[in-house]
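Coordinates in review
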Amino acid sequence: APFLCLGDYPQNYLENPAVELIKALPVVYDETRILSGSEIGKCIVVAKRKGKDWFVAAENGASERTLSIRLDFLGSSQGELIGFADVPDRLNGYSVVRRIVKGTDTLDLMLRPCGGYVAWIRVDLSGTNKQEGKGK
């Protein structure tokens, strides 16, 4: 949709751990890809690109699901991933993970029923990012 609207008190957004991501969400994207793991009526996994950066989202249906999302859409690039994942024992909670990823990596996700995942991958084509990746 061309109109992104979030309805809440501004202070609630400013104090939210996801404020960085909320501010970065584009209204329009340059490219959209439906990723492996998507199943009509059960789960959707998309990667959307704006400029050099990618936004990945998974929205799950009624059954718990494990996904392994290949990041091959990054090609030979690498970037900092800021991911927001379901917390298994809290319906209203999420965990935040930051790590360096590249196109040969995968995201292994455990989605609870009606849960989801979102990540912002800030691509660093200059090679100046010095952190090490912490996952597959």
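Here goes a summary of the coordinates provided. Source: prediction; values computed, not measured. (Residues numbered from 1 in each chain as written. Predicted model: local features only at pLDDT ≥ 70, side-chain atom pairs only at ≥ 80, totals over all residues. Heavy atoms only, no water.)

This part covers the pattern of salt bridges. Within the structure shown, the criterion is met by 12 salt bridges. Across the pair Arg 49 and Glu 31 runs a salt bridge whose closest N-O atoms are separated by 3.0 Å. Within this pair, whereas Arg 49 is found in strand β2 (residues 43-50), its partner Glu 31 is found in strand β1 (residues 31-34), the two being separated by 18 residues in sequence. Residue Arg 49 is classed as partly exposed on the basis of its relative accessible area, which comes to 22%. Using a relative accessible area of 22% as the deciding quantity, one classes Glu 31 as partly exposed. Here Glu 80 makes a salt bridge to Arg 122, at a shortest N to O gap of 2.9 Å. Here Glu 80 is found in strand β5 (residues 78-87), whereas its partner Arg 122 is found in strand β8 (residues 116-123), with 42 residues between them in sequence. Looking at Glu 80, the relative accessible area reads 14%, which means it is buried. Accessibility expressed as a relative area gives 25% for Arg 122, which makes it partly exposed. (Salt bridge = Lys/Arg side-chain N within 4 Å of Asp/Glu carboxyl O. Helix = DSSP H or I, 4+ residues; strand = E, 2+ residues; numbered from the N terminus. Buried < 20%, exposed > 50% of the residue type's maximum accessible area, 1.4 Å probe, protein only.)

A word on the pairing of β8. Of all eight residues in β8, six are buried; the element is thus mostly enclosed. With six bridges connecting them, strand β3 (residues 53-60) and β8 associate as antiparallel partners. The residue bridging Glu 59 from the neighbouring strand is Gly 116, located in β8. As judged from the seven bridges shared by β5 and β8, these two strands associate in the antiparallel manner. Paired with Gly 79 across the bridge in β8 is Val 123. (Pairing = 2+ DSSP bridges.)

By size, the foremost hydrophobic cluster in this structure holds 21 residues, and its most contacted members are Leu 67, Phe 73, Leu 74, Tyr 117 and Ile 121. Among the secondary structure elements, those contributing two or more residues to this core are β2, β3, β4 (65-70), β7 (106-111) and β8. Leave out the neighbours within four places in its chain, and Tyr 117 touches Val 56, Ala 57, Ala 58, Leu 81, Gly 83, Phe 84, Ala 85, Leu 107, Leu 109 and Leu 111. By size, the runner-up hydrophobic cluster in this structure holds six residues, among which are Ala 18, Phe 55, Phe 84 and Trp 120. (Core = buried A, V, L, I, M, F, W, Y, C linked by side-chain atoms within 4.5 Å. Contact = heavy atoms within 4.5 Å.)

Here six strands make up an open sheet; going across it, the order is β1-β2-β3-β8-β5-β6 and the pairing antiparallel. Pairing within the sheet leaves two strands with one partner each, and these edge strands are β1 and β6 (90-102). Neighbour-to-neighbour, the strand axes of this sheet turn through a mean angle of 15 degrees, independent of strand direction. Pairing analysis gives four bridges linking β1 to β2, with the strands arranged antiparallel. Of the residues in β2, the one forming a bridge with Ile 34 is Val 46. (Axes fitted to C-alpha atoms, helices over the stretch in contact; angles between N-to-C directions.)

Its identity as a non-glycine residue notwithstanding, Cys 114 has a phi of 60 degrees, on the positive side. Summarising the element assignment, Cys 114 is placed in the loop between β7 and β8.

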